[in-house]
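Listed below are the residues making up each chain.
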Amino acid sequence: MTPRERVIASLNHQEPDRVPLDLGSLSSTIETGPYEKLKRHLKLETPTVTFLREHVDPDEYVLDLFSIDTRYVRIGKPHGWSLKMGPNNSYVDEWGTTFRKPSTSHYFDPVPPYPLADASVKDIESYPWPDPNDPGRTEGLARKAKELRDKTEYAIVADVPLLGPLEFSWLLLRGPEFLEDLIANKTFAIALLEKITDLHIQIFDKFLSAVGQYIDVVCVCEDLGTQNDLLISDRMYRDILKPFHKRLWGHVKSKTDAKLFLHSCGSIIKLLPDLIDLGVEIINPVQVSAKGMDTAFLKKEFGKDLTFWGGVDTQWVMPKGSLSDVSKEVKRRIKDLAPGGGFVLTAVHNIQDDVPPENIIEMYREAKENGRYPINIK
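Computed from a predicted model, the values in this text were never measured in an experiment.

Overview of the overall build of the protein
A count of helical and extended segments in the protein gives 14 helices and 12 strands. Here the C-alpha radius of gyration of the protein, 20 Å, is about what a compact globule of 378 residues would show, namely 21 Å. Counting across all 378 residues of the protein, residues that qualify as buried make up 57%. Nonlocal contacts in the protein, meaning residues at least 24 apart in sequence, comprise 73% of its contacts between residues at least 6 apart.

A closer look at the layout of surface pockets
Unfilled space is identified by rolling a water-sized probe across the atoms. The volume enclosed by the second largest pocket comes to roughly 210 Å³. Contributing to the lining of the second largest pocket are 14 residues, with Asp57, Glu60, Leu63, Arg71 and Tyr72 lying nearest its centre. For the lining of the second largest pocket, the secondary-structure elements that each account for two or more residues are helix 3 (60–65), strand 3 (70–74) and helix 5 (141–151).

What about the environment of Met318?
Its location among the elements puts Met318 in helix 12 (residues 317–320). On the basis of relative accessibility, which here comes to 0%, the residue Met318 falls in the buried class. Linking Met318 and Ser10, residues 308 residues apart in sequence, is a C-alpha distance of 25 Å. Discounting residues that sit within four places of it in the chain, Met318 has contacts with Val312, Asp313, Val326, Val355, Pro356, Asn359, Ile360 and Met363.

Focus on the side chain of Lys39
Here Lys39 shows up in helix 2 (residues 32–42). When its relative accessible area of 6% is taken as the criterion, Lys39 is described as buried. Beyond its immediate chain neighbours, meaning those up to four positions away, Lys39 contacts Leu44, Thr46, Pro47 and Thr48.

Side note on the sheet that holds strand 3
Spatial strand order, 3-7-8-9-10-11-12: 7 strands in an open sheet with parallel pairing. Edge positions in the sheet fall to strand 3 and strand 12 (343–347), since each has one partner strand and no second. For this sheet the average axis-to-axis angle between neighbouring strands, irrespective of direction, equals 25 degrees. One ladder, built from 5 bridges, connects strand 11 (residues 307–312) with strand 12; its direction is parallel. Paired with Gly311 across the bridge in strand 12 is Thr346.

Examining the sheet that holds strand 4 (residues 90–92)
The pairing of strands in a sheet comes from backbone hydrogen bonds and takes either a parallel or an antiparallel form. In spatial order, the strands read 4-5-6; together these 3 strands make up an open sheet with antiparallel pairing. Each edge of the open sheet is held by one strand with a lone partner, namely strand 4 and strand 6 (109–111). Taken pair by pair, the neighbouring strands of this sheet meet at an average axis angle of 35 degrees, ignoring direction.

So, the pairing of strand 9 (residues 259–263)
Burial analysis of strand 9 places 4 of its 5 residues in the buried class, the great majority of the element. Of the strand pairs in this sheet, strand 8 (residues 217–221) and strand 9 are connected by 5 bridges, and their pairing is parallel. Note on strand 9: the bridge partner recorded for Cys221 is His263. Crossover connection from strand 8 via helix 9 (residues 234–254) to parallel strand 9: handedness right-handed. Here 3 bridges tie strand 9 to strand 10 (residues 282–284), and the two strands are oriented parallel to one another. If you follow His263 over to strand 10, its bridge partner there is Asn284. In this fold, the crossover linking strand 9 to strand 10 by way of helix 10 (residues 272–277) has right-handed handedness.

Section: the packing of helix 2 against helix 14 (residues 357–370)
Packing of helix 2 against helix 14 leaves a shortest axis separation of 9 Å and a crossing angle of 80 degrees. The angle between helix 2 and helix 14 places the two elements in the roughly perpendicular class. Residue-level contacts link Lys37, Leu38, His41 and Leu42 of helix 2 to Pro357, Glu358 and Ile361 of helix 14. Taken together, the residues of the contact of helix 2 with helix 14 break down into 4 nonpolar, 1 polar and 2 charged.

Quick look at the pattern of salt bridges
Overall, the coordinates contain 33 salt bridges when judged by the stated rule. Across the salt bridge formed by Asp57 and Arg74, the nearest N and O atoms sit 3.5 Å from each other. Of this pair, Asp57 sits in the loop between strand 2 (55–56) and helix 3 while Arg74 sits in strand 3, and the two are 17 residues apart along the sequence. Residue class for Asp57 comes out partly exposed when judged on its relative accessible area of 30%.

Description of the packing of aromatic side chains
This structure, assessed with the given rule, holds 7 aromatic pairs. Taking the centre distance of 5.3 Å and the plane angle of 10 degrees together, the rings of Tyr91 and Phe99 count as stacked. You'll find Tyr91 and Phe99 in the same group, each marked buried. Ring plane angle 70 degrees and centroid distance 4.8 Å describe the contact between Tyr127 and Trp129, whose orientation is recorded as edge-to-face. For Trp129, a relative accessible area of 15% translates into the label buried. Through a chain of ring-to-ring contacts, the aromatic side chains of Trp95, Tyr127, Trp129 and Phe168 assemble into a single cluster. Here Arg53 stacks its cationic end above the ring of Phe99, 4.9 Å away from the centre of that ring.

Criteria and thresholds
Residues numbered from 1 in each chain as written. Predicted model: local features only at pLDDT ≥ 70, side-chain atom pairs only at ≥ 80, totals over all residues. Heavy atoms only, no water. Helix = DSSP H or I, 4+ residues; strand = E, 2+ residues; numbered from the N terminus. Rg over C-alpha atoms; globule rule 2.2 N^0.38 Å. Buried < 20%, exposed > 50% of the residue type's maximum accessible area, 1.4 Å probe, protein only. Contact = heavy atoms within 4.5 Å. 1 Å grid on protein atoms, 1.4 Å probe; cavity = no way out; pocket = protein on both sides within 12 Å on 5 of 7 lines; lining within 4 Å. Points joined across faces, edges and corners; volume = space filled by probe spheres on them. Pairing = 2+ DSSP bridges. Axes fitted to C-alpha atoms, helices over the stretch in contact; angles between N-to-C directions. Right-handed = clockwise from strand over helix to strand, strands pointing away. Parallel < 35°, antiparallel > 145°, perpendicular 65-115°, else oblique. Nonpolar A, V, L, I, M, F, W, Y, C, P; charged D, E, K, R; others polar. Salt bridge = Lys/Arg side-chain N within 4 Å of Asp/Glu carboxyl O. Phe/Tyr/Trp six-rings, centres within 6.5 Å; stacked < 30°, edge-to-face > 60°. Lys NZ or Arg CZ within 6 Å of the ring centre and 35° of its normal.

Set out below in structure tokens:
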């Protein structure tokens, strides 16, 4: 099979020749630190290309070496904004949020002051929102997507680095108090969710008008889980947030025939029926270390409706495990998730600084060796 045929077969819950492999999305790529270590290990001297700060757009040599079946089309940067680093390893993004990377972190994290921390409903409309129709976001993307479709045999994934309405509101604009607003200041919370949803619909509309006819998968994000449970209750999700997801994701699906890929970390098992109801077809990253996210159970209960994209543990196995541990982990996830299709293998979320290159290589080697159909792992 070609890579595109392989991915599409699996997404359609058919068994391809082998389990498809991924590396490179907003939530399944590798950070600059471990990528530089990997390049040194491979004696690779090509430049490191990044998007969204330290997320790596992997080199074709690396993608070919690991037999990666996907390639990405990403929304561009607006003409009206450029990344400028400030003091203490910080910067302000186009939405007005300050990010800083502490020495103890693998990521740039949003930090106070949050731009809408003390805002009222009236302030939401007067806030200087970015232009969702800035032409820089889609400049040249239709041509790139068409070339990927016509001149390569890879599955094409459309990647938009936008957090979902809930996560955007509390993590970037309002701060943790937004979770309290959902109960104590509901009018404000709904107004902000409404505004973010409206802006995101406009951004996705322009993006998918450019690339929607050429792609196989389109990514959306909304972290709904923690290590042990949901971020908000399932009842609150259905009462408040689900209508916004229905409107946003429904618009996304109206613009393309591509499969809808949702990135949502944590223990989200309680919401999987709701997500299926909203048209979600792919769940990523399948955080197997979170409560209730047992891959055998997930496959049994939801495998006919969902493709699982991810699955290889990055909280313990990839950073701390031996090569033998990595081998066992990959075999376990293939055994649980691969039968009948509906599985694309990659690490659970982005590969970070604490993951040695040997474990990355072992993950993909084992996947190619043991991911051949029919699956025969005891």
